[in-house]
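Residue strings, one per chain:
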Amino acid sequence: MQNLVEDSTPLVIVRDLFRSYARPYWVAGGWAVDLFAQRVRRPHSDVDVAVLYRDRDYLAETFRDPRPVLVHPETGQRREWTPDEQLKPGSHGFVIPDDSHPCPITIMLTASDGDDWVYHRGTGKVRRPHALMTLTTERGLPFVGPEVALLYKSPTLRPKDMQDFADIHEMLDDERREWLIDTIASRFPDHPWLSTLRREGEGRRTATTPPPAPSPPSAETAEQARDAMRTRVDQILARFATSTDRATRIPFAQSNEVWLAEGIVVRMGRLGRNSLSREVALAPAIPAEVGYPEVLDHGILDGHEWMVSVRLPGQNLHEAWPHLQPTARKEALADLWARLRILHTTDIVAARAAGCTSTRYYDLDPARAHTGLAALVRRGVLDVPTGNRLAELLSEAFEAMSLVPLALNHTDAAPGNAVLTPTGHAIPIDLESACVAPADLDLENLFRYLHFMADRATAVHLANRAADLLNQPGAEARLRGYAILRDLWALRRWFRQARDTTDLSTCAPIHRLHSHATGKSWLPDIF
């Protein structure tokens with residue numbers, strides 16, 4: 001799964017709206033704080049998107065239908081605008097009409113000087129290089145850094161501003177915190193946030209802490225890695241008489257570098273050897289009715305596994321999802337589920353021979369799963385009552401898993417791993433994590449996706465289609481156990497990626513594990 005915040009419908013809409021906007025832009029305001037915290041912490045009335053004032057003509061050219069309207073910052077009154085109208089950074093903003101999209105989107109004009117962002121209040125001395133103030137999600141959605149988001153909020157101190165500060169101030173690294181202290185103190189020497197920020201900084205300097213996590217690679221190193229990867233992909237594409245100059249890179253792919261060329265798809269493992277060889281070995285055993293694309297070539301280059309397959313016509317189903325009507329969503333997911341059920345009929349002896357014996361997303365070994373959960377309790381990540389309840393639920397789930405037959409599962413089945421064809425078929429792709437598991441395992445990730453997309457109608461439709469499995473004895477215990485195992489994987493991943501793990505209140509997997517333990521997760525809606 002991707003970052004769950006950026007899968008929120010408002011941000012999916014923003015990413016789609018700005019897909020053709022080839023100038024800098026950032027998600028700002030409360031949503032930027034959510035993206036930094038990696039959880040949706042409170043309701044939002046709109047999405048703030050910042051663009052550069054110097055790009056206002058390009059903004060007008062890009063957004064013609066619907067045309068954004070000017071909004072008065074104090075009264076909220078709206079009126080039409082023309083590109084030649086004189087505007088001011090900060091004091092003028094636009095709203096994309098709500099009748100065009102299901103959520104309000106406010107576009108703010110920000111000042112700049114070369115490669116620096118400039119704060120519109122004051123004399124222009126408060127500035128920040130774009131490279132430092134810009135953070136991006138896994139799929140490349142840009143958002144302003146927390147120090148800039150909080151600076152914008154510092155003059156008003158509305159209840160939501162105070163909540164945003166309280167939620168993330170402890171997550172700021174030293175450089176962002178010191179910059180925020182200096183910029184606020186230059187304008188408001190007695191600002192109430194300053195004492196908290198300074199105390200936090202002093203506490204970090206004097207406390208005994210574990211060694212810091214390794215710093216992320218420098219921009220130069222990251223660029224060199226991208227260039228090296230592109231060179232490798234070019235070598236593969238040359239076998240098919242094309243190149244990366246004539247192909248499209250998929251920005252939101254996670255474990256693999258993915259390029260789409262005419263008629264073919266190239267996937268190459270970013271971390272060297274991964275599971276693409278397992279998928280290649282599995283491909284001949286997959287029933288033709290699944291629609292899985294033909295594998296054309298595969299191998300290892302510079303230690304990186306790669307494979308080339310036929311490119312299916314159509315669009316990634318997750319990318320298409322926000323634009324589909326409710327009926328089309330139901331039909332697409334029903335087709336995807338029907339094809340997954342055919343995938344489940346794959347000969348499990350052949351699947352095991354291909355190496356499909358485990359999956360990273362669900363630790364289906366009871367002893368190992370319980371040991372991992374107990375370790376989290378000992379570390380204080382989970383409190384004892386929560387850990388005990390999760391252990392009980394896992395025991396019930398593992399006992400119930402014996403009540404259904406085994407099948408080859410995709411294990412990461414979701415619209416993001418499916419292609420919606422022009423004829424309305426939803427073909428499952430990316431089977432590198434497939435494994436032999438209880439036959440209803442794929443339902444967990446599908447229902448999880450629909451919950452995060454707030455699409456209850458499609459979830460009900462899927463539940464009806466999958467009634468044969470959901471009505472089996474122990475189905476609720478199994479689905480709950482799968483969900484716990486998936487969130488335990490997400491928690492391990494969070495610890496690997498988080499640079500500061502001192503504030504566990506920002507960890508979305510922990511919140512979900514607590515909801516499973518208390519029976520308040522998304523699962524009761526299914527049964």
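The rules behind each value
- Here the residue numbers are simple positions, counted from 1 along each chain's written sequence.
- Owing to the predicted nature of the model, reporting of local features is limited to residues with pLDDT of at least 70; listing and counting of side-chain atom pairs is limited to 80 or more, with chain, interface and lining totals taken over all residues.
- To get the side-chain values, take all heavy atoms of the structure and skip hydrogens and water.
- Helix numbers and strand numbers start at the N terminus; a helix is a DSSP run of H or I with at least 4 residues, a strand a run of E with at least 2.
- Burial classes: relative accessible area under 20% of the type maximum marks a residue as buried, over 50% as exposed, and values in between as partly exposed (1.4 Å probe, protein chains only).
- In what follows, residue pairs with any heavy atoms lying within 4.5 Å of each other are defined as contacts.
- Only the protein chains shown count as covering a residue, and every accessible area follows the Shrake-Rupley method with a 1.4 Å probe.
- Definition used in this section: a nonpolar core is a set of buried Ala, Val, Leu, Ile, Met, Phe, Trp, Tyr and Cys residues joined via side-chain atoms within 4.5 Å.
- Two rings belonging to Phe, Tyr or Trp (six-membered ring only in the last case) form a pair when the distance between their centres is within 6.5 Å. Interplanar angles under 30 degrees mark stacking, angles over 60 mark edge-to-face geometry, and anything in between is tilted.
- Any carboxyl oxygen of Asp or Glu within 4 Å of a side-chain nitrogen of Lys or Arg constitutes a salt bridge here.
- Note on pairing: two strands pair once DSSP finds at least 2 bridges between them.
- Between the N-to-C directions of two axes lies an angle of 0 to 180 degrees, each axis being a line fitted to C-alpha atoms and, for a helix, fitted only over the stretch in contact.
- Here the angle decides the label: under 35 degrees means roughly parallel, over 145 means roughly antiparallel, 65 to 115 means roughly perpendicular, and every other value means oblique.
- Crossing handedness: left-handed means the near helix sits turned counterclockwise from the far one by under a right angle, and right-handed means the same turn made clockwise.
- Here the nonpolar group is Ala, Val, Leu, Ile, Met, Phe, Trp, Tyr, Cys and Pro; Asp, Glu, Lys and Arg are the charged ones; every other residue, Gly included, is treated as polar.
- Pairs of cysteine sulfur atoms within 2.5 Å are identified as disulfides in what follows.

Trainee: Would you mind showing me how to read the overall build of the protein here?
Mentor: Of regular secondary structure, the protein possesses 20 helices and 20 strands. Each of the 527 residues in the protein was classed as buried or not, and the buried ones make up 53%. Excluding contacts between residues fewer than 6 apart, the proportion of contacts in the protein whose partners are at least 24 apart in sequence is 70%. For the protein, the computed accessible surface area is about 24,100 Å², with 52% contributed by carbon and sulfur atoms.

Trainee: Explanation requested: the nonpolar core in the structure shown.
Mentor: Soluble, globular proteins show a tendency: their nonpolar side chains are buried together. Residues L443 and F447 are the most contacted members of the largest nonpolar core, which totals 79 residues. Element by element, the count of residues in this core is highest for helix α19 (residues 475-497), at 11 residues. Once you skip the residues sitting within four places of it in the chain, F447 turns out to touch A459, L462, A463, L470, W522 and I526.

Trainee: Teacher, can you tell me more about the packing of aromatic side chains here?
Mentor: Aromatic ring pairs: the centre-centre distance and the angle between the two ring planes describe each pair. One pass over the full model with this rule turns up 12 aromatic pairs. Seen in terms of ring centroids, Y362 and Y482 are 6.4 Å apart; in terms of plane orientation they differ by 80°. Their pairing is edge-to-face. With Y362 in the loop between α13 (348-353) and α14 (366-378) and Y482 in helix α19, the pair connects residues that are 120 residues apart, well separated along the chain. Y362 sits in the buried class, given a relative accessible area of 2%.

Trainee: Could you clarify how one ought to interpret the environment of E294 in this entry?
Mentor: Relative to the elements of secondary structure, E294 occurs in the loop between α10 (276-282) and β14 (295-301). Given the relative accessible area of 53%, E294 is considered exposed.

Trainee: Help me understand the environment of E178, please; the structure alone is not making it clear to me.
Mentor: Structurally, the position occupied by E178 is in helix α7 (residues 174-187). Along the backbone, E178 and E147 are 31 residues apart, and their C-alpha atoms lie at a distance of 9.3 Å.

Trainee: So what exactly am I meant to see when it comes to the pattern of salt bridges here?
Mentor: Pairing of side chains with opposite charge becomes possible as their charged atoms draw close. A complete count under the given rule lists 36 salt bridges for this structure. Note that D440 and R478 form a salt bridge whose closest N and O atoms lie 2.7 Å from each other. Separated by 38 residues along the polypeptide, D440 in the loop between β20 (435-438) and α16 (441-452) and R478 in helix α19 bring together distant segments of the chain. The same class applies to D440 and to R478, which are both buried. Counted as one network, the salt bridges with shared partners bring together D34, R41, R42, K153, R158, D161, D164 and D167.

Trainee: How should I be thinking about the side chain of T242 in this particular structure?
Mentor: Turning to its location among the elements, T242 is positioned in the loop between α9 (219-238) and β11 (248-249). Leaving out residues up to four positions away in the same chain, T242 has contacts with L237, A261 and I264.

Trainee: Hey, could you run me through the sheet that holds strand β12 (residues 256-261) in this one?
Mentor: Strand order in this open sheet of 5 strands is β11-β12-β13-β15-β14, and the pairing throughout is antiparallel. In the strand order of this sheet, the two ends are held by β11 and β14, each with one partner. Both β14 and strand β15 (residues 304-310) contribute to a ladder of 6 bridges, which runs antiparallel. Paired with I300 across the strands is E305, a residue of β15.

Trainee: I would appreciate a short explanation of the sheet that holds strand β16 (residues 315-316) in the present structure.
Mentor: The pairing of strands in a sheet happens through backbone hydrogen bonds and is either parallel or antiparallel. With antiparallel pairing, the 3 strands of this open sheet are ordered in space as β16-β18-β19. Of all the strands in the sheet, the pair left with one neighbour each is β16 and β19 (426-428). Against the sheet, helix α12 (residues 326-343) engages β18 (418-420) and β19, with an angle of about 35° to β19.

Trainee: Help me understand the pairing of strand β2 (residues 47-52), please; the structure alone is not making it clear to me.
Mentor: When a strand is regular, its side chains alternate between the sheet's two faces. Across the 6 residues of β2, 6 count as buried, placing the element largely inside the fold. Burial of the side chains of β2 extends over both faces: V47, V49 and V51 are buried on one face and D48, A50 and L52 on the other. Looking at chain direction, strand β1 (residues 25-28) and β2 are connected through 4 bridges and run antiparallel. Along β2, the bridge assignment pairs A28 with D48.

Trainee: Is there a simple way to explain unusual backbone geometry in this structure?
Mentor: Negative phi characterises most residues that are not glycine, and trans characterises most peptide bonds. Look at A241: it is not a glycine, yet its phi comes out positive at around 60°. Relative to the assigned elements, A241 resides in the loop between α9 and β11. Non-glycine residue A454 carries a positive phi angle of around 55°.

Trainee: Which parts of the structure should I look at to understand the pairing of β12?
Mentor: Taking burial as the measure, the 6 residues of β12 include 5 buried ones, the bulk of the element. Bridging between β12 and strand β13 (residues 264-269) involves 6 bridges; their strand directions are antiparallel. In the strand pairing of β13, V258 is matched with R267. In textbook terms, the turn of a hairpin is the stretch between consecutive antiparallel strands, and for β12 and β13 this stretch comprises 2 residues, one of which, G263, has a positive phi near 85°.

Trainee: What's the story with the packing of helix α5 (residues 146-153) against α7 in this structure? I'm lost.
Mentor: Packed helices, taken two at a time, are described by their axes: the angle between them and the distance between them. Direction vectors running N to C along α5 and α7 enclose 25°, while the axes themselves pass 9 Å from each other. Considering the angle they form, α5 stands roughly parallel to α7. Considering how the two elements wind past one another, α5 and α7 form a crossing that is right-handed. Seen from α5, the contacting residues are P146, E147, V148, L150 and L151; seen from α7, they are R176, W179, L180, T183 and I184. Of the residues assigned to the contact of α5 with α7, the class counts are 7 nonpolar, 1 polar and 2 charged.

Trainee: Mind showing me how you'd approach the state of the cysteines here?
Mentor: In a disulfide, the sulfur atoms of two cysteines are held together by a covalent bond. The final tally for this structure, using the stated rule, is 0 disulfides. Note on C356: no disulfide assigned, nearest cysteine sulfur contributed by C435 at a separation of 7.7 Å.

Distances and angles like these do not, on their own, reveal function.
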